Amino acid sequence: PDLERAALIALADVEIGAGSAEAAHDLFAAALELDEATGVKSRQAEDLLGKGAALSLMERSEEARIDLRRAARLLTESGEDSDVWKAYLNLADSFEEAAPDSAAYYYDAALAALEGGSQARGGEALNTGYLFADRGRAYEEIARYYASRHREDPLGGWEAKAFETP
């Protein structure tokens, strides 16, 4: 099962990179099925992060949010809470267009998790190709969001959030 799972995750990463979100979703779902049988929560969370990212790319935001919230819960339950920022960042991205305040909530949560995580020194436990896997890009994404919000709403106080730290 470990080798089969590794192959599924690797293929899903390739599909995400190639822009085939539907194929990646199916591969992450197959990996999740294997990992649910073993009960390893951190692996289930990794699968859900990938699956959620694929759903987001397919513009199925509500379904993506269900998987991403479950991933965040599993990461916390499994003691991998230093990686919960990945779920929060993807959740934030899923709300950018429809609900800017919800996006801001999850960007703030991601930033707090990045700053407070027990592995904030740089360890990456989950290294798949889903969105925002790199910490440096995560900080850039948060600043980019708040700067874009400031351009749309100059009096909304968004510019200060771009440079705020927890």
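Here is a short report on the structure shown in this document. (Residues numbered from 1 in each chain as written. Predicted model: local features only at pLDDT ≥ 70, side-chain atom pairs only at ≥ 80, totals over all residues. Heavy atoms only, no water.)

### Points about the packing of helix α3 (residues 41-57) against helix α4 (residues 61-77)
When two helices pack together, their arrangement is given by the angle between their axes and by how far apart the axes lie.
Move 1: Where α3 contacts α4, the axes come no closer than 8 Å and their chain directions differ by 160°. Taken together, the axes of α3 and α4 are roughly antiparallel relative to one another. As α3 packs across α4, the resulting crossing turns out to be left-handed. Only E63, A64, D67, L68, R70, A71, L74, L75 and E77 of α4 make contact with α3, whose side of the interface consists of K41, Q44, A45, L48, L49, K51, G52, L55 and S56.
Move 2: Of the residues in the contact of α3 with α4, the class split is nine nonpolar, three polar and six charged. (Axes fitted to C-alpha atoms, helices over the stretch in contact; angles between N-to-C directions. Helix = DSSP H or I, 4+ residues; strand = E, 2+ residues; numbered from the N terminus. Parallel < 35°, antiparallel > 145°, perpendicular 65-115°, else oblique. Left-handed = near helix turned anticlockwise from the far one by under 90°. Contact = heavy atoms within 4.5 Å. Nonpolar A, V, L, I, M, F, W, Y, C, P; charged D, E, K, R; others polar.)

### As for α3
Move 1: Over its 17 residues, α3 runs 24 Å from end to end, which matches the ideal 24 Å to within 8%, given 1.5 Å per residue.
Move 2: Counting buried residues in α3 gives 13 out of 17 residues, a clear majority hidden from the surface.
Move 3: Downstream of α3 by one or two residues, E59 has phi in the positive range, about 60°. (Expected span 1.5 Å × (residues − 1). Buried < 20%, exposed > 50% of the residue type's maximum accessible area, 1.4 Å probe, protein only.)

### Brief notes about the nonpolar core
Move 1: Judged by nonpolar contacts, the single largest core of 33 residues is most densely connected at L49, W85, L89, Y107, I142, Y145 and Y146.
Move 2: Those elements that place two or more of their residues in this core are α2 (21-38), α3, α4, α5 (84-95), α6 (100-116) and α7 (135-152).
Move 3: The dominant element in this core, judged by the number of residues it contributes, is α6, at eight residues.
Move 4: If you look at the next biggest cluster of nonpolar residues, it comprises nine residues, including A12, L27, F28 and A54. (Core = buried A, V, L, I, M, F, W, Y, C linked by side-chain atoms within 4.5 Å.)

### Observations concerning the pattern of salt bridges
Two side chains carrying opposite charge are able to pair once their charged atoms lie near each other.
Move 1: Applying the stated criterion to the full structure yields eleven salt bridges.
Move 2: Here E46 makes a salt bridge to R5, at a shortest N to O gap of 2.8 Å. Within this pair, whereas E46 is found in helix α3, its partner R5 is found in helix α1 (residues 2-17), the two being separated by 41 residues in sequence. Across the pair, R5 and E46 agree in class, each one buried.
Move 3: The partner of K86 in a salt bridge is D83, and the shortest N-O contact between them spans 3.6 Å. The pair K86 / D83 is uniform in exposure class, with both members buried.
Move 4: Through salt bridges that share partners, R5, D35, E46 and D47 make up one connected network. (Salt bridge = Lys/Arg side-chain N within 4 Å of Asp/Glu carboxyl O.)

This is a description of form; function is not addressed.
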